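# Close look at the chain arrangement
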Amino acid sequence: MKKATALLSTATIVGILASSIPAFAEQVVDGRTGQTTGDVTVNGIIGEFDNTTPGPNPELTDDWINVTIPTTALFYTTASSNHEEIVSPTYTITNNSAVGVTTYVSGVDTPTGMSEIDLLEVNGIELFENGAPTVSETELFTLQGNQGSTTVGSFSFTGDASPSNAATELNPSFNLVLRFAPVI
């Protein structure tokens, strides 16, 4: 039984060490089974860590995060809806990292002039209702690493407004807070 366990353990360790995915496992070197040596695979990072190529995980896994996001976004009302329907262009987030990245809508910051917004959503995630922020952190999407087929995600705004005077332009604004987490 001990010999079978040792052989199975050795085969498992060899399989883990041979794979390209870093594994953090332990091995037991037990002299009672004839083992007096053990191998430890050592990976290193010399110089600036390149999060766009596969390699060993850095100590701080957030170092894997490398995404491209827009610096500004726009939503607006449509004349055909008497300025009550909110729409927007479609914006993209691109994962440049070698590992997957999950994107979260984390919150909104510094809202200004939102009183005439009845409802504002991003990809169906509610941000504002009756001019007040309502969002709680919600996953927007997960993007694959830069070698995958789904490295770009998109978002847009929809909603409703009740302008007191549709003939006068108002300019509500806020900062959309996104949070990113590596998928390791």
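Described in the following lines is the structure provided in the data block. (Residues numbered from 1 in each chain as written. Predicted model: local features only at pLDDT ≥ 70, side-chain atom pairs only at ≥ 80, totals over all residues. Heavy atoms only, no water.)

### So, the overall build of the protein chain
Looking only at helices and strands, the protein chain features 1 helix and 12 strands. Put simply, the protein chain runs from its N terminus to its C terminus through helices and strands in the order α-β-β-β-β-β-β-β-β-β-β-β-β. Within the protein chain, the proportion of its 184 residues that are buried is 25%. Of the contacts formed within the protein chain by residues at least 6 apart in sequence, a portion of 67% connects residues at least 24 apart. Summing over all exposed atoms, the protein chain offers an accessible surface of approximately 11,700 Å²; the carbon and sulfur share of this is 52%. (Helix = DSSP H or I, 4+ residues; strand = E, 2+ residues; numbered from the N terminus. Buried < 20%, exposed > 50% of the residue type's maximum accessible area, 1.4 Å probe, protein only. Contact = heavy atoms within 4.5 Å. Areas by Shrake-Rupley, 256 points an atom, 1.4 Å probe, with all protein chains shown as cover.)

### Describing the pairing of strand 7 (residues 125-129)
Here strand 6 (residues 117-122) pairs with strand 7 via 4 bridges, running antiparallel. Paired with Leu119 across the bridge in strand 7 is Glu129. Relative to strand 8 (residues 132-133), strand 7 is paired through 2 bridges, and the arrangement is antiparallel. By the bridge assignment for strand 8, Glu129 is matched with Ala132. (Pairing = 2+ DSSP bridges.)

### Quick word on the environment of Thr102
Positionally, Thr102 belongs in strand 5 (residues 100-112). A residue is classified by how much of its surface remains accessible, and Thr102, at 7% relative accessible area, is buried. Each C-alpha atom of the pair Thr102 and Glu139 lies 7.3 Å from the other, and the pair is 37 residues apart in sequence. At a separation of 3.0 Å, a polar atom in the side chain of Thr102 contacts the side chain of Thr142. (Polar contact = N/O pair within 3.5 Å; in protein donor to acceptor, adjacent residues only side chain to side chain.)

### Quick word on the sheet that holds strand 9 (residues 138-143)
The pairing of strands in a sheet comes from backbone hydrogen bonds and takes either a parallel or an antiparallel form. Taking strand neighbours across the sheet as the criterion, the 3 strands line up as 9-5-12 in an open arrangement whose pairing is antiparallel. The open sheet has two edge strands, strand 9 and strand 12 (173-183), and neither has a second partner. Averaged over neighbouring strand pairs, the angle between their axes works out to 30 degrees when direction is ignored. (Axes fitted to C-alpha atoms, helices over the stretch in contact; angles between N-to-C directions.)

### Considering the pattern of salt bridges
Enumeration over the complete set of coordinates arrives at 2 salt bridges. Between Asp30 and Arg32 there is a salt bridge; the shortest N-O distance is 2.7 Å. Glu137 serves as the salt-bridge partner of Arg179, at 3.0 Å between the closest nitrogen and oxygen. Placement of the pair is Arg179 in strand 12 and Glu137 in the loop between strand 8 and strand 9, with a sequence separation of 42 residues. (Salt bridge = Lys/Arg side-chain N within 4 Å of Asp/Glu carboxyl O.)

### Side note on the pairing of strand 10 (residues 152-155)
Going residue by residue along strand 10, you find Gly153 and Phe155 tucked away on one face and Val152 and Ser154 left uncovered on the opposite face. One ladder, built from 4 bridges, connects strand 4 (residues 91-95) with strand 10; its direction is antiparallel. Looking at the pairing, Thr92 lines up with Ser154 of strand 10.

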